[in-house]
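Coordinates in review
Now for the letters of each chain:
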Amino acid sequence: GVVENDAHAKVLYILAKNEGINSPEDFGVAFCKELLSKYKEIVKVYTYIKEVTWDRIKCEDSGEGHTRGFVNNPTCLRFTSVEQSDSGEILVIG
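Residues numbered from 1 in each chain as written. Predicted model: local features only at pLDDT ≥ 70, side-chain atom pairs only at ≥ 80, totals over all residues. Heavy atoms only, no water.

Side note on the overall build of the protein
Counting its secondary structure elements, the protein contains 2 helices and 3 strands. Each helix and strand of the protein, placed in order from N terminus to C terminus, yields the pattern α-α-β-β-β. At 17 Å, the protein has a C-alpha radius of gyration far larger than the 12 Å of a compact globule built from 94 residues. Among the 94 residues that make up the protein, the fraction classed as buried is 29%. The long-range fraction of contacts in the protein, counting pairs at least 24 apart against all pairs at least 6 apart in sequence, stands at 47%. In the form shown here, the protein has an accessible surface area of approximately 6900 Å², with 53% of it arising from carbon and sulfur atoms. Across the protein, the mean location of the 11 positive side-chain charges is 3 Å away from that of the 15 negative side-chain charges. (Helix = DSSP H or I, 4+ residues; strand = E, 2+ residues; numbered from the N terminus. Rg over C-alpha atoms; globule rule 2.2 N^0.38 Å. Buried < 20%, exposed > 50% of the residue type's maximum accessible area, 1.4 Å probe, protein only. Contact = heavy atoms within 4.5 Å. Areas by Shrake-Rupley, 256 points an atom, 1.4 Å probe, with all protein chains shown as cover. Lys, Arg positive; Asp, Glu negative; His and termini not counted. Charge placed at Lys NZ, Arg CZ, Asp CG, Glu CD.)

Side note on the pairing of strand β1 (residues 44-58)
Two strands pair when backbone bridges link them, and β1 and strand β2 (residues 65-85) are joined in this way by 14 bridges, in the antiparallel orientation. By the bridge assignment, Trp 54 is partnered in β2 with Asn 72. The hairpin turn running from β1 into β2, its antiparallel successor, is 6 residues long, and Gly 63 in that turn takes a positive phi close to 80°. (Pairing = 2+ DSSP bridges.)

A word on the nonpolar core
The biggest cluster of nonpolar side chains holds 16 residues, and the ones touching the most others in it are Leu 15, Leu 35, Tyr 39, Ile 42 and Val 45. Of all the secondary structure elements, the ones that give two or more residues to this core are α1 (5-19), α2 (24-38) and β1. Broken down by element, the residue count for this core peaks at 7 residues, all from α2. Filtering out sequence-adjacent residues up to four positions away, Leu 35 remains in contact with His 8, Val 11, Ile 42 and Val 45. (Core = buried A, V, L, I, M, F, W, Y, C linked by side-chain atoms within 4.5 Å.)

Put into structure tokens, the structure is as follows:
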């Protein structure tokens, strides 16, 4: 069987919410482990994670940061690749 994209998105959201994101590398390893433990039909996971900076949009009237509005700030970019097989081998690049 195939694991649906929505399932991947839910796993990402739950991991980020429950465990936080200390680094792209740590998050990639946690994501791979979660997919391999949750879906027995998966034998290998490869993920590419790109970290970018987002700044809150300033409200014109108050000068405060908007609660839901963000703009991409491309001054910082970090990336990693993580690969893990069901045998437990983990490869982290980046």
